[in-house]
Amino acid sequence: MSIRCFCMGTYPWSLWPTLPGLRGLLVLGLILGLQTASSNAFYLPGLAPVNFCEVNGETNYCQSSVELYVNRLDSVESVLPYEYNTFDFCHDFKKQSPSENLGQVLFGERITSSPYEFSFNKSETCVKVCMKSYDTAKEDQKKKLDFLKKGIQLNYQHHWIIDNMPVVWCRDINGGNKYCTTGFPVGCFVPQSGESSDACFMHPEFNKTNTYYIFNHVDITITYHSENEVDWYVSKLVSARLEPKSYKHVDENHLTCNGTPMEIPGDYTDKLNIIYTYSVKFEENKQIRWGSRWDYILESMSHTSIQWFSILNSFVIVLFLTGMVAMIILRTLHKDIIRYNQEDIQKDYGWKLVHADVFRPPRLGMLLSILLGQGTQVLIMTFITLSFRGLKWKTNFLLTALLCPGVVFVDIFIMNLILWIEGSSSAISFGTLVGILALWFGISVPLTFLGAYVGSFQKFDYPVGTNQIPRHIPHQDFIRRPLFSIIIGGVLPFGCIFIQLFFILNSIWSHQMYIMFGFLFLVFIILLITCSEATILLCYFHLCSEDYHWWWRAFLTSSFTAVYFFAYAVYYFFAKLKITDIASIILYFGYTMIMVLIFFLFTGTVGFFSCFIFISKIYSVVKVD
């Protein structure tokens, strides 16, 4: 995760290739917030645009060297990312890596320098980078070649960076449009069946069965915008594109960069040489300015119509629920309160009958309090550590600080072992694990204790008292039983988010860019409203049937949305992904369970407090003996 360069429409390159879920959304939310805070251009430290010019070396105003950085390689067919140097590509022996923050380290971001380096506005053709030789009779070289073929077969993607921009690969699609991605494949594989897929499908000459084709050449096009600054005519880079190609170079001293593709037969058992080359050209564009240089990527991602359909769908659900809640509050509930408060009415009925039991502490109240504490720890930790009248607040504090974070930590630790065994770049080092534990016990736990300590001195007075003997609950028919209402209660909130969920999962697992954060914010607000109204609605119906066990039901009604979230993630795994290896499957569901747990706590907390406020309000205006 990185906030490296943005200014009035320019976004950080290191977020887009992988966008690892919640951390990416939080950081990008911060970016969007900063962007809307001012209409004037501004630069964060280290994020100012770089000026380039045609001079030898660097000056105070510009530089002539254009460096290319490489990031980790990933695939839609495997959850395991690998460092660039894990594959036997051309390496930069100087290996200058920019500093990476904790988020980048946790999610396997490994950015390093490359042997590709250009001089500004100097076009070059068919330049040799390096040659890799393999002798299958030697075990170490055979392993390197097999790992390279595995990367091709699983469609692993390069991610290159120039001037804090992703180098994109654009290709023609239906309708004469172009589709651009921030990654390009290592190569492609034609199986024994002859059914071409991925990049092989776009190259008819890649037609030999059981053959690997490696993209050992790239044509790079760098576009710049020139302007006059401080008596210097300087330029800023506004786009970087490439087109991967495959050439079988016969003579490394006489490179032509044309002809037959570089083939690696599946059963190859001889010596093999792979020569990596590149061509680069510079083009001036007077229309695109530095502040809008990401627009050419976003133009190929037109999902606006689908997003508006999602918003409209969610808005209709909110209108329906709002109408139902308004009818209850403004008509039915208002009439009930007037009727209950009439002195000539001697017999209680409906939800007033349970006024002496509605605030009776629930079973497993400690566990419910812990879950609520995790769900709202950042905002209102002081209020939810009361543990239902402040009983055992020290135990509550310990479990709140350790239970759910402990579950997440164990999950991450187990997945990290798998990543370490597989040699993935996402494997967390021991020092990083110690740093995470230090943040947990050095910041989270003390702040949780502070909230619990302050909360232990607070006293919340319920609007009505509680009888010592619980009231008998009449027999409930099937549709009024807890399980049915909980299942139904999660349907409407999930209906508001499932379209956005598809794009978010695409950004996490299919490495596609997610840009509709305005839509996401609207859907987030609609989700809050829907969870609140659905829970209030079902809570009122149960109280009218004299069932006062609302505590857990209120939490589980809205949190059941997380169950639909998980079911959709399972569907997405089988319908959209091509993951087959056991390690990737375990990692996919391991990370998914963390997201589901967080979503479960969040939605459950919203539903619980909405119902709690609603019940407290209606019983505070009713006269009771």
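Residues numbered from 1 in each chain as written. Predicted model: local features only at pLDDT ≥ 70, side-chain atom pairs only at ≥ 80, totals over all residues. Heavy atoms only, no water.

Trainee: Can you explain the overall build of the chain? Please cite residues and give values.
Mentor: The number of helices and strands found in the chain is 16 helices and 17 strands. Expressed as a percentage of its 625 residues, the buried residues of the chain come to 51%. Within the chain, contacts between residues separated by at least 24 positions form 77% of all contacts whose residues are at least 6 apart in sequence. Carbon and sulfur atoms make up 61% of the accessible area of the chain, which totals about 30100 Å². (Helix = DSSP H or I, 4+ residues; strand = E, 2+ residues; numbered from the N terminus. Buried < 20%, exposed > 50% of the residue type's maximum accessible area, 1.4 Å probe, protein only. Contact = heavy atoms within 4.5 Å. Areas by Shrake-Rupley, 256 points an atom, 1.4 Å probe, with all protein chains shown as cover.)

Trainee: Give me the environment of Cys62: which residues, what numbers.
Mentor: Among the secondary structure elements, Cys62 is positioned in the loop between α1 (22–36) and β1 (65–70). Sequence separation between Cys62 and Phe52 is 10 residues, and the spatial gap between their C-alpha atoms is 4.8 Å.

Trainee: Any details on the pattern of salt bridges? Residues and values, ideally.
Mentor: With the rule as written, the count across this model stands at 9 salt bridges. In this structure, Lys128 and Glu252 form a salt bridge, with 2.3 Å as the shortest nitrogen-oxygen distance. One end of the pair, Lys128, is in strand β5 (residues 124–135); the other, Glu252, is in the loop between β15 (232–245) and β16 (263–265), and 124 residues separate them in sequence. Taking relative accessible area as the criterion, Glu252 reaches 28% and is therefore assigned partly exposed. In the salt-bridge network here, residues are joined through shared partners; they are Lys142, Asp146 and Lys149. (Salt bridge = Lys/Arg side-chain N within 4 Å of Asp/Glu carboxyl O.)

Trainee: Quick rundown of the state of the cysteines? Include the residues and the values.
Mentor: Counting across every chain of the model gives 4 disulfides. The side chain of Cys90 participates in a disulfide bridge whose partner is Cys130; the two sulfur atoms lie 1.8 Å from each other. Judged by the torsion about the S-S bond (-85°), the Cys90/Cys130 disulfide is left-handed. Taken as a pair, Cys90 in the loop between β3 (78–82) and α2 (102–106) and Cys130 in strand β5 lie far apart in primary sequence, 40 residues in all. Considered together, Cys90 and Cys130 belong to a single accessibility category, that of buried residues. One disulfide bridge connects Cys126 with Cys257, the sulfur atoms lying 1.9 Å from each other. Taking the sign of the S-S torsion, about 90° here, the bridge from Cys126 to Cys257 comes out right-handed. (Disulfide = S-S within 2.5 Å.)

Trainee: Quick rundown of the sheet that holds strand β4 (residues 112–119)? Include the residues and the values.
Mentor: The antiparallel open sheet is built from 4 strands, whose spatial order is β4-β1-β7-β8. The outermost strands of the open sheet, each flanked by one partner alone, are β4 and β8 (165–166). Judged from the 2 bridges that link them, strand β7 (residues 160–162) and β8 form a sheet pairing that is antiparallel. Bridge assignment links Ile161 to a residue of β8, and that residue is Pro166. (Pairing = 2+ DSSP bridges.)

Trainee: Outline unusual backbone geometry, listing residues and values.
Mentor: Only a minority of non-glycine residues have a phi that is not negative, and only a minority of peptide bonds are not trans. Despite not being glycine, Asn155 has its phi angle at roughly 60°, a positive value. Although it is not a glycine, Cys257 adopts a positive phi angle of roughly 55°. Among the structural elements, Cys257 can be located in the loop between β15 and β16. By relative accessible area, which is 12% here, Cys257 ends up buried.

Trainee: Tell me about the side chain of Ser559, and please be specific about residues and values.
Mentor: Within the secondary structure, Ser559 is located in helix α14 (residues 551–559). Residue classification places Ser559 among the buried positions, given a relative accessible area of 1%. Side-chain polar atoms of Ser559 contact the backbone oxygen of Leu556, separated by 3.4 Å. If we ignore the near neighbours within four places in the chain, the residues touching Ser559 are Phe600, Thr603 and Gly604. (Polar contact = N/O pair within 3.5 Å; in protein donor to acceptor, adjacent residues only side chain to side chain.)

Trainee: Give a description of the nonpolar core that names residues and reports values.
Mentor: In terms of nonpolar packing, the biggest core is built from 116 residues, with Phe118 and Trp160 touching the most fellow members. When residues in this core are grouped by element, the largest group, 16 residues, is from helix α16 (residues 582–620). (Core = buried A, V, L, I, M, F, W, Y, C linked by side-chain atoms within 4.5 Å.)

Trainee: Break down the side chain of Ser584 for me, citing the residues and quoting the values.
Mentor: With respect to the helices and strands, the residue Ser584 is situated in helix α16. On the basis of relative accessibility, which here comes to 0%, the residue Ser584 falls in the buried class. Polar side-chain contacts of Ser584 include one of 3.0 Å to the side chain of Ser78. Setting aside chain neighbours within four positions, we find Ser584 in contact with Ser78, Val79, Leu80 and Ile579.

Trainee: Describe in detail the packing of aromatic side chains, supporting the description with residues and values.
Mentor: Tallying each qualifying case throughout the model produces 46 aromatic pairs. Ring geometry for Phe502 and Tyr572: centres 6.4 Å apart, planes at 70°, overall edge-to-face. Of this pair, Phe502 sits in helix α12 (residues 491–509) while Tyr572 sits in helix α15 (residues 561–576); the two residues are 70 residues apart in sequence, bridging distant segments of the chain. For Tyr572, a relative accessible area of 1% gives the class buried. In textbook terms, an aromatic cluster arises when at least three aromatic residues are bridged by ring pairs, as seen for Tyr82, Tyr84, Phe87, Phe89, Phe147, Tyr156 and Tyr276. Geometry around Trp169 places Arg171 over its ring, the cationic atom sitting 4.4 Å from the centre. (Phe/Tyr/Trp six-rings, centres within 6.5 Å; stacked < 30°, edge-to-face > 60°. Lys NZ or Arg CZ within 6 Å of the ring centre and 35° of its normal.)

Trainee: Lay out the sheet that holds β16 with the relevant residues and their values.
Mentor: If you trace the 3 strands from one edge of the open sheet to the other, you get β12-β13-β16, paired in antiparallel fashion. Where the open sheet ends on each side, the last strands, each with one partner, are β12 (187–190) and β16. Each neighbouring strand pair of the sheet contributes to a mean axis angle of 20°, computed without reference to strand direction. Of the pairings in the sheet, the one linking strand β13 (residues 211–214) to β16 comprises 3 bridges and is antiparallel in character. Counterpart to Thr211 in the pairing with β16 is Pro265. Sitting on the sheet, helix α3 (residues 139–153) is in contact with β12, β13 and β16, with an inclination near 90° to β13. (Axes fitted to C-alpha atoms, helices over the stretch in contact; angles between N-to-C directions.)

Trainee: Go over the packing of helix α13 (residues 517–544) against α16 with me, naming the residues and quoting the values.
Mentor: Their axes nearest at 8 Å, the elements α13 and α16 cross at an angle of 50°. Regarding the angle of α13 to α16, the classification is oblique. Pair α13 / α16 crosses with right-handed handedness. Contacts between α13 and α16 involve Phe524, Leu527, Leu528, Cys531, Ser532, Thr535, Ile536, Cys539, Tyr540 and Leu543 from the first element and Phe599, Phe602, Thr603, Val606, Gly607, Ser610, Cys611, Phe614, Ile615, Ile618 and Tyr619 from the second. Among the residues forming the contact of α13 with α16, the class breakdown is 16 nonpolar, 5 polar and no charged. (Parallel < 35°, antiparallel > 145°, perpendicular 65-115°, else oblique. Left-handed = near helix turned anticlockwise from the far one by under 90°. Nonpolar A, V, L, I, M, F, W, Y, C, P; charged D, E, K, R; others polar.)

Trainee: How would you summarise a nonpolar patch on the surface if you had to cite specific residues and measurements?
Mentor: A cluster of nonpolar side chains, Leu439, Ile443, Leu447, Phe449, Leu450, Tyr453, Val454 and Phe457, forms an exposed patch at the surface whose accessible area comes to about 770 Å². Mapped onto the fold, Ile443 is located in helix α10 (residues 430–455). The exposure class assigned to Ile443 is partly exposed, which follows from its relative accessible area of 46%. (Patch = residues over 30% accessible without salt bridge, like charges linked within 9 Å, V, L, I, M, F, W, Y side chains within 5 Å.)

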